[in-house]
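# Working through the structure, step by step
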Amino acid sequence: MQLVAAAYLHDIGYAPQLRRTGCHALDGAVQLRSMGHERLARLVAHHAEARFEARLRGLERELEGFPREPSAVADALTYCDMTVGSAGEAMSLQERTVDIAQRYGEEDAATRSLSWSMPYLSLALARTERRLRLRGVSP
């Protein structure tokens, strides 16, 4: 249930009325925490290795207020975010990074952080795909 809720809400920080820092993961997490949804806030804060974007934006200290959850749910949230395009289409991690770069531009922190986060994103996707295969689901 937490994964489904986090998947629906992971980009809530893009809402103009919630934008405070420019890091949508952090802005969304702040909103979810204010509504009493602590675990969702932590999942959203760290989805898709947002720590690297936060570092580029000088927001590491703010993000530290949301403890990272190393779990299958956190991995699956990253999997969902990084294998689905902005229009809902399935895509590979490589295709998704190209999609992000095209939409945001090469100089945006979201794009620039991808090179740092790629090894961690790849591992989260691999762990999720392994878990799915062990349950008889083809990723």
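A few points on the structure. Computed from a predicted model, the values in this text were never measured in an experiment. Each chain carries its own residue numbering, running from 1 in the direction its sequence is written. Only residues with pLDDT of at least 70 are given local features in this predicted model, and only at 80 or more are side-chain atom pairs given and counted; all residues enter the totals for whole chains, interfaces and linings. Side-chain numbers come from the whole structure's heavy atoms, not from hydrogens or water.

A separate point is the overall build of the chain. Only DSSP runs of H or I covering at least 4 residues are called helices, and only runs of E covering at least 2 are called strands; the numbering of each starts at the N terminus. In terms of regular secondary structure, the chain is built from eight helices and zero strands. Of the regular secondary structure in the chain, the N- to C-terminal order runs α-α-α-α-α-α-α-α. Principal-axis analysis of the C-alpha atoms places the extent of the chain at approximately 40 × 35 × 25 Å. A simple rule labels every residue: compare its accessible area, found with a 1.4 Å probe on the protein chains alone, to the largest value its type can have, and call it buried under 20%, exposed over 50%, or partly exposed in between. Counting across all 139 residues of the chain, residues that qualify as buried make up 42%. Residue contacts are counted whenever heavy atoms from the two residues lie within 4.5 Å of one another. Within the chain, contacts between residues at least 6 apart in sequence are counted, and of these 58% link residues at least 24 apart. All tallies of charge rest on Lys and Arg as positive and Asp and Glu as negative; His and the ends of each chain are not included. Think of each charge as sitting on NZ of Lys, CZ of Arg, CG of Asp or CD of Glu. Charged side chains of the chain number 18 positive and 18 negative; the gap between the two group centres comes to 6 Å.

Two numbers describe how helix α6 (residues 72–82) lies on helix α8 (residues 109–134): the axes approach to 8 Å, and their chain directions differ by 110 degrees. Our classification of the angle between α6 and α8 gives roughly perpendicular. Our pair here, α6 against α8, has a crossing hand that is left-handed. Mapping the contact onto sequence places Ala72, Asp75, Ala76, Thr78, Tyr79 and Met82 in α6 and Leu114, Leu121, Ala124, Leu125, Arg127, Thr128, Glu129 and Arg131 in α8. Partitioned by chemical class, the residues of the contact of α6 with α8 number eight nonpolar, two polar and four charged. Helix axes are fitted to C-alpha atoms over the stretch in contact, other axes to C-alpha atoms as well, and angles between N-to-C directions run from 0 to 180 degrees. Any angle between 65 and 115 degrees counts as roughly perpendicular, while under 35 counts as roughly parallel, over 145 as roughly antiparallel, and the rest as oblique. Each crossing gets its handedness from the near helix: less than a right angle anticlockwise from the far helix is left-handed, clockwise is right-handed. Note that Gly is not counted as nonpolar here; it falls among the polar residues with everything else outside the nonpolar set of Ala, Val, Leu, Ile, Met, Phe, Trp, Tyr, Cys and Pro and the charged set of Asp, Glu, Lys and Arg.

Turning to the pattern of salt bridges, a few remarks are in order. Any two side chains of opposite charge can pair if their charged atoms end up close together. By convention in these notes, a salt bridge is any Lys or Arg side-chain nitrogen within 4 Å of a carboxyl oxygen on Asp or Glu. On inspection of all chains with the given rule, the structure shows 13 salt bridges. Here arginine 127 and aspartate 75 are joined by a salt bridge, their closest N and O atoms 2.6 Å apart. On the criterion of sequence distance, the pair formed by arginine 127 in helix α8 and aspartate 75 in helix α6 is long-range, its members being 52 residues apart. Residue arginine 127 is classed as partly exposed on the basis of its relative accessible area, which comes to 36%. Look at aspartate 75 and you get buried, because its relative accessible area is 8%. Of the charged contacts in the structure, one is a salt bridge between aspartate 81 and arginine 96, with a shortest N-O distance of 3.4 Å.

Inspection of the secondary structure assignment puts glycine 13 in the loop between α1 (2–9) and α2 (24–34). Of the residues examined, glycine 13 reaches a relative accessible area of 1% and is grouped as buried. Along the chain, glycine 13 and leucine 123 lie 110 residues apart, while their C-alpha atoms are 25 Å from each other. Setting aside chain neighbours within four positions, we find glycine 13 in contact with Arg19, His24, Asp27 and Gly28.

Keep in mind that these numbers describe shape and distance, not what the molecule does.
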